[in-house]
Amino acid sequence: MNKKKKTSYPLTILLSTLSTAAPIVAVVWFLYQMIRLKNTAIIPLGGTFQVDDIRVPLISCIVFFITLVQWGIFKKPLAKMYQKAIQDNEYDEFGNSKKSNYATLTRKEREQMDKEKLQQMEMLFPTSVMNKIVKEGSRNPEKDLQDMIGLPLVKQKVTEMAARMQFEREAMTKEKQEKKQTRSEYGMNGRHFVFYGSAGTGKTTVARIITGFLYKYGYIKENKCIEIDGNFLKAGEMSDTKTKLLIQKAYGGVLFIDEAYAIMDGTAEYGKAVIATLIKEMEDNRDKFTVILAGYKNDIKRLLDTNEGFKSRIKEYLEFPDYSTTEMKDIFQAMAHGKGYIVSQEALDNFEVRCDRERRLSSFGNGRTARNILDECLDRHALNYGQNLLSRKITVNGEEQIITDKAQNKFVLCGCDVSTSPNKNVL
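Residues numbered from 1 in each chain as written. Predicted model: local features only at pLDDT ≥ 70, side-chain atom pairs only at ≥ 80, totals over all residues. Heavy atoms only, no water.

## Regarding the nonpolar core
Then comes step 1: If you look at the biggest cluster of nonpolar residues, it comprises 46 residues, and the most contacted ones within it are Val158, Phe195 and Phe332.
Then comes step 2: Among residues more than four places away in sequence, those in contact with Phe332 are Val343, Leu348, Phe351, Ala370, Ile373, Leu374, Cys377, Leu413 and Val418. (Core = buried A, V, L, I, M, F, W, Y, C linked by side-chain atoms within 4.5 Å. Buried < 20%, exposed > 50% of the residue type's maximum accessible area, 1.4 Å probe, protein only. Contact = heavy atoms within 4.5 Å.)

Here it is as structure tokens:
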């Protein structure tokens, strides 16, 4: 990674001084020449001015005009250059003064600084916002991973990592007991991740499962996963500060950034500040938190290409493929069961047709699509329930049966509840 070139402080001051002083010197010189002309060039009656008498003040007037124009042109650029020179030479990349540090402050100054930091944090991250983005990691990561539908390669990789966590934890415990510890206490920390794949393929769920494993085996202190998207970090001139504060909130846990490429959208300068801060923290404090970047494959690749520091710090890349139609049916059925519904064969057949049609649309979102279809089905089911359509024929285990709506203390989704037509109102 190339080192950022600093703006020269002395050169900036010199240019700013010359640009401002030039028109002042020129106007003083012009006035001097006019006074001199008045005192020395007395015109006799019937006489005329000589060219040599007015040449010097005329040139002075022209020089003044030129210097005034250059001052107007360069005023703003030089002011920006001056501010950048101050920032580059007097402050570090996080906006902290290089002339003083926290350790040299008095107790009163530290308390005041802590109070200001708390106010700043509350301004950037109100308590209500933090409550929404801080999620609990999986309490039973083994079961949650096993219960996930599809994603065999992802599940295999996470299982391998969990096995290594368990092995290292047991090995370190044994070494401590024998008083000859040779292993790093944080063998899995610094192992940041990239999840790439289409929307709705379980990336957030797997992030919480990994959080659960890291907490279970003692690699993070809290079973927490801070979940945001790339847009959350874009805050204009406060982007780097906001990123730093967010990472501090993630210490002891996992920071999951979905749609991570959105960091680079909008003003590139702010996006680069976010990335620089993130990469530095991923290296300097890799034992304090784990970063997971997620998004579409091509978008994530473009993000990683913006800074070589990403590739040297990210160890694991997990691909999340689209679900097959069979997997989509399993997901739909599991979601329905979770809400207390039985799904008939007719409903599953209709869902299969609907799923194949949805897959052709740009709005297809894998598990999200299954959830949206289920919500639509429940609306239709409620309508049928309200119209007293309680007795219907369904196929169960290959046999046709007439059931009531609340058979076996569960409601039944039938074929008439599942439309085979995609939602045409989706833009």
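The rest of the description comes next.
## Comments concerning the packing of aromatic side chains
Then comes step 1: Tallied over the entire structure, the rule returns four aromatic pairs.
Then comes step 2: Between the aromatic rings of Phe195 and Phe320, the centroid separation amounts to 5.0 Å while the plane-to-plane angle is 45 degrees, which identifies the pairing as tilted. You can see Phe195 sitting in strand S2 (residues 192–197) and its partner Phe320 sitting in strand S6 (residues 314–320), a full 125 residues away along the chain.
Then comes step 3: Plain terms: the ring middles of Tyr251 and Phe289 are 5.9 Å apart, the flat faces sit at 55 degrees to each other, and that makes the pair tilted. (Phe/Tyr/Trp six-rings, centres within 6.5 Å; stacked < 30°, edge-to-face > 60°. Helix = DSSP H or I, 4+ residues; strand = E, 2+ residues; numbered from the N terminus.)

## Section: the sheet that holds strand S1 (residues 134–136)
Then comes step 1: The six strands are arranged S1-S3-S4-S5-S2-S6 in an open sheet whose pairing can be described as mixed. Each end of this open sheet is capped by a strand with a single partner; those strands are S1 and S6. Between one strand axis and the next, the sheet turns through 25 degrees on average, direction left out of account.
Then comes step 2: Contacts from helix H7 (residues 203–216) reach S1, S2, strand S3 (224–229), strand S4 (254–258), strand S5 (290–295) and S6, with the element oriented near 170 degrees to S4. (Pairing = 2+ DSSP bridges. Axes fitted to C-alpha atoms, helices over the stretch in contact; angles between N-to-C directions.)

## A closer look at unusual backbone geometry
Then comes step 1: For Leu151, which is not a glycine, the phi torsion comes out positive at approximately 55 degrees.
Then comes step 2: Along the chain, Leu151 turns up in the loop between helix H5 (141–147) and helix H6 (152–177).
Then comes step 3: We note that Glu259 has phi near 45 degrees; this positive angle belongs to a residue other than glycine.
Then comes step 4: Here Glu259 shows up in the loop between S4 and helix H9 (268–284).
Then comes step 5: You can call Glu259 partly exposed: its relative accessible area is 43%.

## Describing the pattern of salt bridges
Then comes step 1: Under the definition given, this model contains 18 salt bridges.
Then comes step 2: Here Arg286 makes a salt bridge to Glu283, at a shortest N to O gap of 3.1 Å.
Then comes step 3: Under the relative-accessibility criterion, Arg286 is labelled partly exposed at 39%.
Then comes step 4: Each of Lys157, Arg191 and Glu316 takes part in one network of salt bridges that share partners. (Salt bridge = Lys/Arg side-chain N within 4 Å of Asp/Glu carboxyl O.)

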